[in-house]
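Observations on the three-dimensional arrangement
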Amino acid sequence: MLGVSRDGDVVTIELQREERRNALNLELVSRLRDAVWTAAEDARVIVLTGRGPIFSAGADLSGVYSDNFLETLLEMLHTIESVPVPVISAINGAALGAGVQIALASDLRVIEPDAYIAIPAAKLGITVDRWTVRRLVSLIGGGPARTILLGAEPVSGADAYSFGFANRLGTLADAQEWAKTIAELAPLSLRHMKLVLNDDGTRDPDSTQQRAALEAAWTSQDAQEGRLARQEKRAAKFMGR
């Protein structure tokens, strides 16, 4: 389910749930959170990737409506964001939904030119938290972020690089080579700069209206319809309730 390898001061953590396109369930999210904490104890750089043709298909919808899953997912994202070493996401194939959130929590992103990213929450009757929206806007700007979120449209690897979501175009091997050069830099300098870069206001609390709208989406009949439509491989019929 999760593979960990080391090359000098660089630790690579690989999602290994190929039969589910590396979709995140509670167990995988918990293991990833713990693996990142453990790696950060003595690694200089961490690289995150997915085995097989896709980085991650996002959250496994069979467990995504569990409060425990959502809480653990957010803990995992905060762990990636807060560990005192740089984390690089090496995106192969595609990053969808929670897969994009992993990339957003990372400090740097390397994406294959033929890969793509997408957040199809509005196609499922659900939504994403304030941190995800604000971090996406801070990386690529309001226009492209609205296309991804409100239009539920995918963005190619080349466009993701042009928008500023990805720092480089390349493969896992390219990401690992970059990680080796970063690992030679002063770790205390990197730690400080990571802290400042991530102090971007994305973790400010939701307003009462924002929190109510978030909870309304997740508990709605539309959310149930979105899940059922996906299982039945048909277009969802949303009613706004």
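Above this text sits the structure in question.
Residues numbered from 1 in each chain as written. Predicted model: local features only at pLDDT ≥ 70, side-chain atom pairs only at ≥ 80, totals over all residues. Heavy atoms only, no water.

Grouped together as the largest cluster of nonpolar side chains are 54 residues, with contacts concentrated most on Ile13, Leu24 and Phe165. Counting residues per element, this core draws most heavily on helix H1 (residues 26–40), at 7 residues. Core analysis: the next-biggest nonpolar cluster, separate from the first, contains 13 residues, Ala90, Leu108, Ala179 and Ile182 among them. (Core = buried A, V, L, I, M, F, W, Y, C linked by side-chain atoms within 4.5 Å. Buried < 20%, exposed > 50% of the residue type's maximum accessible area, 1.4 Å probe, protein only. Helix = DSSP H or I, 4+ residues; strand = E, 2+ residues; numbered from the N terminus.)

Applying the stated criterion across every chain yields a total of 16 salt bridges. The residue Arg203 makes a salt bridge to Glu81 at a minimum N-O spacing of 2.6 Å. In this pair, Arg203 sits in the loop between helix H9 (187–197) and helix H10 (208–218) while Glu81 sits in helix H2 (residues 67–82), placing the two residues 122 residues apart along the sequence. Here Arg203 falls in the partly exposed class, since its relative accessible area comes to 43%. For the salt bridge of Asp206 with Arg211, the shortest nitrogen-to-oxygen distance reads 3.1 Å. For Asp206, a relative accessible area of 24% puts it in the partly exposed group. A residue is classified by how much of its surface remains accessible, and Arg211, at 38% relative accessible area, is partly exposed. What emerges from the salt-bridge pattern is a single network uniting Glu81, Arg135, Asp200 and Arg203. (Salt bridge = Lys/Arg side-chain N within 4 Å of Asp/Glu carboxyl O.)

Moving on: the side chain of Asp60. By secondary structure assignment, the location of Asp60 is in the loop between strand S3 (45–50) and H2. Looking at Asp60, its side chain comes within polar contact range of the side chain of Arg17, at 3.0 Å. Reaching out from Asp60, the side chain makes a polar contact with the side chain of Arg20 at a distance of 3.0 Å. With sequence-adjacent residues up to four places away left out, Asp60 is seen in contact with Arg17, Arg20, Ala23, Leu24 and Asn25. (Polar contact = N/O pair within 3.5 Å; in protein donor to acceptor, adjacent residues only side chain to side chain. Contact = heavy atoms within 4.5 Å.)

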